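Each chain is listed here by its residues.
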Amino acid sequence: MNHPVVIIGAGISGLRAASLLTAQGISCRVLEARDRIGGRILTVSDVNRPDLGSFDLGPTWYWPQYESVITNLVKELNLETFVQHTVGAMLMERSQHEPPERYIVPENANSRSVRFKGGAQTLIDAVAATIPSGTIALKTRVTAIRLDQAGVISIEAEAAGAKKEQIPASAAILALPPRIAARRITFSPSLPPNLMTGLMNKPTWMAGQAKAIAIYDRPFWRESGLSGFVSSRIGPLQEIHDSSPDTGSGALFGFFGLPAAMRHELGQNRIKQLVIGQLARLFGPSAKQVNSFLYKDWSDDAETAVEEDLEPLRYHPLYGQLPVTGVWEKSIFFSGTETNSPFGGHLEGALRSAEQAVNELKGGLIR
């Protein structure tokens, strides 16, 4: 190959693809529009209270008994993990006029999920460490991909405060949400209509969702025999889990039942009031003693969501590979959790899609 493979997106799928290509001796570049690596993996700490720990505002878990690729990668990278806390009773909120109901969940009723010590960012950092320095360019937005009559690929990218750059590539792996690729990148010649339709028909996982985390000195609910797991019909959080670190502070996180438009109208301050009010209703006055409150609305993230993603998902999307035919065949490949089945929406899916894209490249599909 005369030119590197260009990977668009430095989430876990793009980084894994770069790591695999590097291991095969194939030159690559990774272009990322954000000012950080990780994509929808986002682990943060309160800048005023870093002692409380690190918390995931994006993906949190994986399931070793079902997901072999991420399990093997975690072992390979020697990452530390711990089992998600599920010991104790769950609560069910059915009505504003009735107290929450308490249920004992049968042992082994739920699949055992595992979390990363230090948050999922540890996975991102470990994979990035396997890629040569200088491979990843941050704050570099791809605006166009062109294919000339001779079959030469050119990637148009714009770095912050710099002129647009034309980057020759032997092939391109688009490791970003399919809808972002369709809406934000110009293809010349145009992609086949069926491929564009396929891109737009794959809702971006998490794009319409928001995540809130309330952090405390300790996981006080465990002292009352509660697991921290809640299912609520009245909200604002419809599902709540214990997100405490393996030691030290306590934390509860939840997914919203409120649609994106309503969250935008309420604003973050009102959202915080409503969430803490719900937690106090469920777990008692101690839940009001919040040390820190973290919030991420992914529908506000321009590198994640497009307008079509603001509609709440009413079913699990049908994810899977996107067939590339015509002049673009053997020139562009798609990677990311939305392009994998049956693990679409999981970290496992993102990693498997990266392996598939790289295997296609290795199979001689590039010039």
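Residues numbered from 1 in each chain as written. Predicted model: local features only at pLDDT ≥ 70, side-chain atom pairs only at ≥ 80, totals over all residues. Heavy atoms only, no water.

### Re unusual backbone geometry
Among all residues save glycine, negative phi is the norm, and among peptide bonds the norm is trans. Looking along the chain, the bond that leaves Ser188 and enters Pro189 is cis, with omega of 0 degrees. Relative to the helices and strands, Pro189 is located in the loop between β14 (186-188) and α5 (193-200). Between Gly235 and Pro236 the backbone carries a cis peptide bond, its omega angle lying at 15 degrees. With respect to the helices and strands, Pro236 occurs in the loop between β16 (226-232) and β17 (237-242). Positive phi values are uncommon outside glycine, yet Met206 reaches one of about 80 degrees. (Helix = DSSP H or I, 4+ residues; strand = E, 2+ residues; numbered from the N terminus.)

### Describing the packing of aromatic side chains
The final tally for this structure, using the stated rule, is 11 aromatic pairs. On the basis of an interplanar angle of 50 degrees and a centroid distance of 5.7 Å, the ring pair of Trp61 and Phe253 is categorised as tilted. Taken as a pair, Trp61 in the loop between β4 (55-56) and α2 (68-76) and Phe253 in strand β18 (residues 250-256) lie far apart in primary sequence, 192 residues in all. Both residues of the pair, Trp61 and Phe253, belong to the buried class. Ring centres 6.0 Å apart and planes at 75 degrees place the aromatic pair Tyr216 and Trp221 in the edge-to-face group. Among the aromatic side chains, those forming a connected cluster through ring pairs are Trp61, Trp63, Phe253 and Phe255. Residue placement shows Lys211 over the ring face of Phe253; its charged tip is 4.2 Å from the ring centre. Over the ring of Trp298 we find Lys296; its NZ or CZ atom is 4.8 Å from the centre of that ring. (Phe/Tyr/Trp six-rings, centres within 6.5 Å; stacked < 30°, edge-to-face > 60°. Buried < 20%, exposed > 50% of the residue type's maximum accessible area, 1.4 Å probe, protein only. Lys NZ or Arg CZ within 6 Å of the ring centre and 35° of its normal.)

### Digging into the packing of helix α1 (residues 12-23) against helix α3 (residues 121-128)
It is the contact of α1 with α3, at a shortest axis distance of 9 Å, that shows an interaxial angle of 25 degrees. Taken together, the axis directions place α1 and α3 in an arrangement best described as roughly parallel. Of the two possible hands of crossing, α1 and α3 adopt the one that is left-handed. On α3, the residues touching Ile12, Leu15, Arg16 and Ser19 of α1 are Leu123, Ile124 and Val127. Taken together, the residues of the contact of α1 with α3 sort by class into 5 nonpolar, 1 polar and 1 charged. (Axes fitted to C-alpha atoms, helices over the stretch in contact; angles between N-to-C directions. Parallel < 35°, antiparallel > 145°, perpendicular 65-115°, else oblique. Left-handed = near helix turned anticlockwise from the far one by under 90°. Contact = heavy atoms within 4.5 Å. Nonpolar A, V, L, I, M, F, W, Y, C, P; charged D, E, K, R; others polar.)

### Focus: the nonpolar core
Core analysis: the biggest nonpolar cluster contains 41 residues, and Ile7, Ile12, Leu21, Phe116, Leu123 and Ile173 have the highest contact counts within it. Of all the secondary-structure elements, those providing two or more residues to this core are β1 (5-8), α1, β2 (28-31), α2, β8 (114-116), α3, β13 (171-174) and α8 (347-365). Looking at which element gives the most residues to this core, the answer is α8, with 7 residues. Apart from the residues within four sequence positions on either side, Leu123 is in contact with Ile12, Ile70, Leu73, Leu77, Leu79 and Phe116. In terms of nonpolar packing, the next biggest core, distinct from the first, is built from 30 residues, Leu31, Leu147, Met200 and Ile332 among them. (Core = buried A, V, L, I, M, F, W, Y, C linked by side-chain atoms within 4.5 Å.)

### Regarding α3
The α-helix advances 3.6 residues per turn, and as a result positions three or four apart in sequence lie on the same side. Of all 8 residues in α3, 6 are buried, a share of seventy percent or more. For α3, the full list of buried residues reads Gln121, Leu123, Ile124, Ala126, Val127 and Ala128. Check the buried side of α3 and you find it contacts α1, β3 (43-44), β4, α2 and β8.

### Overview of the side chain of Ser154
Within the secondary structure, Ser154 sits in strand β11 (residues 153-159). In this structure the side chain of Ser154 is engaged in a polar contact, spanning 3.1 Å, whose partner is the side chain of Gln166. (Polar contact = N/O pair within 3.5 Å; in protein donor to acceptor, adjacent residues only side chain to side chain.)

### Digging into the sheet that holds strand β6 (residues 89-93)
Spatially, 7 strands are ordered β7-β6-β16-β17-β18-β15-β19 in an open sheet, and the strand pairing comes out mixed. Two strands lie at the open edges of the sheet, namely β7 (101-103) and β19 (292-297), each paired on one side alone. Along the sheet, successive strands turn relative to each other by an average axial angle of 20 degrees, direction set aside. Where strand β15 (residues 210-216) meets β19, 6 bridges bridge the pair, whose relative direction is antiparallel. Along β19, the bridge assignment pairs Lys211 with Lys296. (Pairing = 2+ DSSP bridges.)

### Comments concerning the environment of Arg36
By the secondary structure assignment, Arg36 is in the loop between β2 and β3. For the pair Arg36 and Asp125, spaced 89 residues apart in the sequence, the C-alpha separation amounts to 11 Å. Apart from residues no more than four positions distant in its own chain, Arg36 is found in contact with Ile41, Leu42, Leu138 and Trp298. Within polar-contact distance, the side chain of Arg36 engages the backbone oxygen of Gly39 at 2.8 Å. Of the polar contacts made by the side chain of Arg36, one reaches the backbone oxygen of Ile41; its length is 3.2 Å.

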